[in-house]
Amino acid sequence: MTQALVTKQKFLGARVKSVSAPRVLLGRTSYVDDIKLPEMLHLSFARSTAPHSRLAGVDLKKTLDEDGVLGAITGDDIVSEIQPFPIFASPDGIRPFSKYPIAVRKVRYVGEIVAAIIGRSRSTAEDGAESVSIEYEARDPVINLEDALKPNSPLVIDEWGTNEAYFREIKTGNFDEAFAKADFVLKEKFKIQRQYGSAMEPRGVIASYDPGTDYLTVYSSTQWPHMVRTVLSLMLGIGEHKIRVIAPDVGGGFGNKQDVYPEEIIAAYLSRKIRRPIKWVASRSEDLLSTVHARDQIHNVEFAVSRDGTLLAVRDEILADLGAFHTMSIGPQLVTIGTLPGAYKIKNWHIQLHCITTNKTPVGAYRGFGASESNFVLERSVDLIARELKLDPAKIRLKNFIQDSEFPYTTALGSEYDSGNYAECLKRGLKIANYDSFKERQIELRKQGRLIGLGMSFVVESTGIGSSKEMARDGFKVYAGYDNATVRVERSGSITVLTGLSPHGQGLDTTLAQICADEFGLQVEDVRLNWGDTMTSPYGFGTWGSRSAITGSTVMKMSIEKVKEKAKQIAAHILKVKKEDIEFDEGKFYAKRYPQRALSLNEVAEIAYSASDLPDGMEPGLSATSFYDPPSPSYAYGVHVPIVEVEPNSGKIILQRYIVVHDCGTMINPTIVEGQLEGGIAQGIGGSLLEELEYNSEGQLLAANFMDYLLPTAIDVPGIEIEHTETPSKMNPFGVKGVGEGGAIAPPAALASAVENALSHLGVKITETPMTPEKILSLIKHSDSDSI
């Protein structure tokens, strides 16, 4: 990277107000469902009501006779015209599977598309879908994750001969020796439930084909428009130069929209067939059924420990439910493995990962992407070890932490942690919570019949993703970790930034504008970011994985340096000095020895665009494009310390306080950092206490709406007390680390720790989520003690 020209930083670290807030608050946003195109038709789907069946027949006759229905197709109609989905996460050893946008000959979960219906209106299309006659030859469904690997289990994908899609085994260090010398071995089974990323806006797509130009335009509620375009090109056999994908305003993504879905492919295919725009927007129930689910893992853990609390070795057999398999179904589980060491110096590991198909909605990305599961297992294990050895759970953490003098630190599983001071972070969180005096208060309140508890969970969050080569090595072969940015100084001296990122609520239009304004000595309002349109944005991989601030700021900085270098040459030419004598500060280029001889940025831009007095051989204009492939992730971290009260007669959990001390390196905008943390924690609270996608033994989803799938409300989420430490990353020029997911990762383990602490006198042990009142009440009733 070119040496930076010095400017005074005014906005980096400042609480600049959101650039997009006025537009959002005034309702001047435009989501997929707001878009109306001339002669637009509507799309609806007949979805399977059976979890596992052969399709004996799909009769569309009655559907096509419906008034307002203009057409309908089944899997047989598209199998020779549309290619199967590419698998985004395909590590060596994964079993191959051809998945089409519409079921072909067999359905594998309730909600799988069996037929697509085109109607003049949404209601006529939906009526047409209801009239599709589907004849099923029922097969026994595979619902229970542990049953799926039994020898006599029905097969989700017949040609495999097994329900195991992928297996990986890792063994590090002197594992057997470590176990042999352990004073104590914790054996425990942990279960993390199935969840759904409840974006405010359900998924939606509009496809519009122009036969005059042979050009397809797709509006999609997606996190990565360029990847949607690439997959459309692969599956429909169209050159990417003939496809434009636009992500308009997106009402939340949370990883669920970091995928490519059957509905997007079908809408594009049908629009090309009938040569008219087609629109589909999911209902909430449809979204719950068809959008990828997440989590759903079982861990059988053995933790070898010495008497003084030193963590020696871990054996973890992981059973991960993939559902019926889709493009990103394997991916979170690989992150689960990589993040298992957390903040601790554990050298010896034996991990067995079983990725298993079942007759449920496919799993995919969701905020935390496998790390919430590993954090729950690791932090719960540390608490239970402390309990068994009668050690302070804070002290056992401090004893086993990676120390600040040991950074950069490479874990036994290969992660390269860049910087940190974990002990300081934990100590600060416990001090805010009055940890040293909490036990006394807890005992006093217990005498009054009140059960309060304090818990803790320490999280290390991989942010910014690794290099594209590393991703490919790990099995992520269709998309990559790099991104790019074009920085263009306009003739007026204002700045336009074109990025391959695709923000949808992260505040990047503010944070990146802050950095850019600092670098050019301008105001934030002088900078505008453009994204989300494959026609105007450079090829990139969108917004996910807490990568955007790191990758976006670094690649933008690279382009800024190129622009400054060219501007410096122009200024030197005009001021008749050597280029090396030019400096830049506060928006002006000036000669070191003659600071009164200066050119403003807009004056240089005018010269660049008028081309009237450029150095010989220099091209007009003032812009630059750069690509940046991060060498490795940066690692944010933090401690979550909730204080709860458990009502013994109802099992209800009341959050009294929720304390977070978080470190994401240099904060570009603390207000946006705190907003990301608060939103993530709210989701984490929901996953800890309320949310669960349950299926019955017949394969029917029992939580098909928000009456059954409970989300946290303002009543459930307390005021979040946030403090920061700042340990800058050494992996990028601003010292930035990501912040998008840490808030969502830690709450399940932290709240389980707090609830267990509140009920510690009863011998209660919490090893699964969610902690619903019914489950807590059952634990109390079946506890080892009669007292409350």
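For the structure itself, consult the block above.
Residues numbered from 1 in each chain as written. Predicted model: local features only at pLDDT ≥ 70, side-chain atom pairs only at ≥ 80, totals over all residues. Heavy atoms only, no water.

### Overview of the nonpolar core
Line of reasoning, step 1. Among the nonpolar cores identified, the biggest contains 155 residues, and Leu43, Phe303, Tyr422, Phe458 and Tyr479 are the most heavily contacted of them.
Line of reasoning, step 2. Here the element with the most residues in this core is strand 27 (residues 634-646); it accounts for eight residues.
Line of reasoning, step 3. In this view, phenylalanine 303 contacts Phe179, Phe184, Val185, Leu186, Leu311, Ala313, Val314, Ile346, Leu378, Ser381 and Ile385; residues no more than four positions away in its chain are not counted.
Line of reasoning, step 4. In terms of nonpolar packing, the next biggest core, distinct from the first, is built from 45 residues, Val497, Phe584, Ile607 and Ile668 among them. (Core = buried A, V, L, I, M, F, W, Y, C linked by side-chain atoms within 4.5 Å. Buried < 20%, exposed > 50% of the residue type's maximum accessible area, 1.4 Å probe, protein only. Helix = DSSP H or I, 4+ residues; strand = E, 2+ residues; numbered from the N terminus. Contact = heavy atoms within 4.5 Å.)

### Concerning helix 4 (residues 122-130)
Line of reasoning, step 1. Of the positions making up helix 4, those classed as buried are Thr124, Ala125, Gly128 and Ala129. Considered in projection along helix 4, the buried side chains sweep an arc of 145 degrees and stay on one side of the axis.
Line of reasoning, step 2. Looking at the buried side of helix 4, the elements it contacts are strand 1 (41-47), helix 2 (61-65), strand 3 (69-74) and strand 5 (113-119). (Arc of directions from axis to C-beta.)

### Thoughts on the pairing of strand 20 (residues 483-489)
Line of reasoning, step 1. Most of strand 20 sits out of view: six of its seven residues are buried.
Line of reasoning, step 2. Summarising the sheet, strand 20 and strand 26 (residues 623-628) pair through six bridges and their orientation is antiparallel. In the sheet register, threonine 486 faces strand 26, and the bridge partner there is threonine 625.
Line of reasoning, step 3. Strand direction decides the pairing type here: strand 20 and strand 21 (residues 495-499), joined by five bridges, are antiparallel. Considered in strand 21, the bridge of alanine 485 is made with threonine 499.
Line of reasoning, step 4. Once strand 20 ends, the chain turns through five residues before running back antiparallel as strand 21, passing glycine 493 with a positive phi of about 95 degrees. (Pairing = 2+ DSSP bridges.)

### Notes on the side chain of serine 53
Line of reasoning, step 1. In this structure, serine 53 sits in strand 2 (residues 53-59).
Line of reasoning, step 2. Classification of serine 53 as buried rests on a relative accessible area of 1%.
Line of reasoning, step 3. Dropping the residues within four chain positions of it, serine 53 is found in contact with Arg105, Lys106, Val107, Tyr136, Glu137, Ala138 and Arg139.

### Regarding the pattern of salt bridges
Line of reasoning, step 1. One pass over the structure, following the stated rule, counts 49 salt bridges.
Line of reasoning, step 2. When the shortest N-O distance is used, the salt bridge between arginine 547 and aspartate 483 registers 3.1 Å. Taken as a pair, arginine 547 in the loop between strand 22 (527-530) and helix 16 (548-575) and aspartate 483 in strand 20 lie far apart in primary sequence, 64 residues in all.
Line of reasoning, step 3. The exposure class of arginine 547 is buried, given its relative accessible area of 0%.
Line of reasoning, step 4. Classification of aspartate 483 as buried rests on a relative accessible area of 0%.
Line of reasoning, step 5. The salt bridge partner of glutamate 490 is arginine 488, with a shortest N-O separation of 3.0 Å.
Line of reasoning, step 6. Overall, the relative accessible area of 28% leaves arginine 488 in the partly exposed class.
Line of reasoning, step 7. Here the salt bridges do not stand alone but share partners, grouping Arg47, Arg203, Glu263, Arg284, Glu286 and Asp287 into one network. (Salt bridge = Lys/Arg side-chain N within 4 Å of Asp/Glu carboxyl O.)

### Concerning unusual backbone geometry
With the exception of glycine, most residues fall at negative phi, and the peptide bonds are largely trans.
Line of reasoning, step 1. Following phenylalanine 407, the chain continues to proline 408 via a peptide bond in cis, the omega torsion being -5 degrees.
Line of reasoning, step 2. Looking at where proline 408 falls in the secondary structure, it is placed in the loop between helix 11 (393-400) and strand 16 (409-410).
Line of reasoning, step 3. Following threonine 769, the chain continues to proline 770 via a peptide bond in cis, the omega torsion being 0 degrees.
Line of reasoning, step 4. Secondary-structure assignment places proline 770 in the loop between helix 20 (747-758) and helix 21 (773-781).
Line of reasoning, step 5. If you check the backbone angles, arginine 275 has positive phi at about 60 degrees while not being a glycine.
Line of reasoning, step 6. Relative to the helices and strands, arginine 275 is located in the loop between helix 7 (262-274) and strand 12 (278-281).

### Some details on the sheet that holds strand 26
Sheets are built from strands that pair by backbone hydrogen bonding, the pairs being arranged parallel or antiparallel.
Line of reasoning, step 1. Across the sheet, four strands lie side by side as 22-21-20-26; this open sheet has mixed pairing. The sheet is open, and its two edges are formed by strand 22 and strand 26, each paired on a single side. Averaged over all neighbouring strand pairs, the angle between strand axes comes to 20 degrees, with direction disregarded.
Line of reasoning, step 2. Helix 15 (residues 508-520) rests against strand 20, strand 21 and strand 22 of the sheet, and its axis sits at about 135 degrees to strand 22.
Line of reasoning, step 3. Across the sheet, helix 16 is in contact with strand 20, strand 21 and strand 26; its angle to strand 26 comes to roughly 140 degrees. (Axes fitted to C-alpha atoms, helices over the stretch in contact; angles between N-to-C directions.)

### Let's talk about the packing of aromatic side chains
Line of reasoning, step 1. Going through the model one piece at a time under the given rule, you end up with 21 aromatic pairs.
Line of reasoning, step 2. Ring geometry for phenylalanine 407 and tyrosine 422: centres 5.3 Å apart, planes at 80 degrees, overall edge-to-face. With phenylalanine 407 in the loop between helix 11 and strand 16 and tyrosine 422 in helix 12 (residues 422-432), this pair connects stretches of sequence that are 15 residues apart.
Line of reasoning, step 3. Phenylalanine 407 sits in the buried class, given a relative accessible area of 11%.
Line of reasoning, step 4. Positioned above the aromatic ring of tyrosine 261, the side-chain terminus of arginine 203 is 3.7 Å from the ring centre.
Line of reasoning, step 5. It is arginine 272 that lies over the ring of tyrosine 209; its NZ or CZ is 5.3 Å from the centre. (Phe/Tyr/Trp six-rings, centres within 6.5 Å; stacked < 30°, edge-to-face > 60°. Lys NZ or Arg CZ within 6 Å of the ring centre and 35° of its normal.)

### Structural notes on the sheet that holds strand 15 (residues 348-357)
Line of reasoning, step 1. Spatial ordering of the open sheet is given by 7-15-14-13-8, a layout of five strands whose pairing is mixed. The strands lining the two open edges of the sheet, one partner per strand, are strand 7 (164-172) and strand 8 (184-195). Within the sheet, the average angular offset between the axes of one strand and its neighbour, ignoring direction, is 10 degrees.
Line of reasoning, step 2. As judged from the eleven bridges shared by strand 8 and strand 13 (residues 294-305), these two strands associate in the antiparallel manner. Considered in strand 13, the bridge of lysine 187 is made with glutamate 302.

### Some remarks on the side chain of asparagine 163
Line of reasoning, step 1. Mapped onto the fold, asparagine 163 is located in the loop between strand 6 (133-138) and strand 7.
Line of reasoning, step 2. Looking at asparagine 163, its side chain comes within polar contact range of the main-chain oxygen of alanine 148, at 3.0 Å.
Line of reasoning, step 3. In this structure the side chain of asparagine 163 is engaged in a polar contact, spanning 3.2 Å, whose partner is the side chain of serine 153.
Line of reasoning, step 4. For asparagine 163, the residues in contact, after removing those within four places along its chain, are Val142, Ala148, Ser153, Pro154, Leu155, Val156, Cys355, Ile356 and Thr357. (Polar contact = N/O pair within 3.5 Å; in protein donor to acceptor, adjacent residues only side chain to side chain.)

### Description of the pairing of strand 14 (residues 311-323)
As a general feature of sheets, a regular strand has side chains that alternate between the two faces.
Line of reasoning, step 1. The element strand 14 is largely enclosed, with a buried count of eleven among its 13 residues.
Line of reasoning, step 2. Summarising the sheet, strand 13 and strand 14 pair through nine bridges and their orientation is antiparallel. Bridging from a neighbouring strand, glutamate 302 pairs with arginine 315 of strand 14.
Line of reasoning, step 3. Counting the residues in the hairpin turn of strand 13 and strand 14 gives five residues, including glycine 309, whose phi is positive at 95 degrees.

### Overview of helix 6 (residues 225-236)
Line of reasoning, step 1. With twelve residues, helix 6 extends 16 Å from end C-alpha to end C-alpha; this agrees with the ideal 16 Å at 1.5 Å per step.
Line of reasoning, step 2. Along helix 6, eleven of the twelve residues are buried, which leaves the element largely enclosed by surrounding structure.
Line of reasoning, step 3. A positive phi of about 70 degrees marks glycine 237, the residue just after helix 6. (Expected span 1.5 Å × (residues − 1).)

### What about the packing of helix 11 against helix 12?
Line of reasoning, step 1. Contact geometry for helix 11 and helix 12: axes closest at 10 Å, N-to-C directions at 165 degrees. Considering their axes alone, helix 11 and helix 12 lie roughly antiparallel with respect to each other. The two elements helix 11 and helix 12 cross, and the hand of that crossing is left-handed. Along the contact surface, helix 11 presents Ala394, Arg397 and Leu398, while helix 12 presents Ala423, Leu426, Lys427 and Leu430.
Line of reasoning, step 2. For the contact of helix 11 with helix 12, a count of residues per class yields five nonpolar, no polar and two charged. (Parallel < 35°, antiparallel > 145°, perpendicular 65-115°, else oblique. Left-handed = near helix turned anticlockwise from the far one by under 90°. Nonpolar A, V, L, I, M, F, W, Y, C, P; charged D, E, K, R; others polar.)

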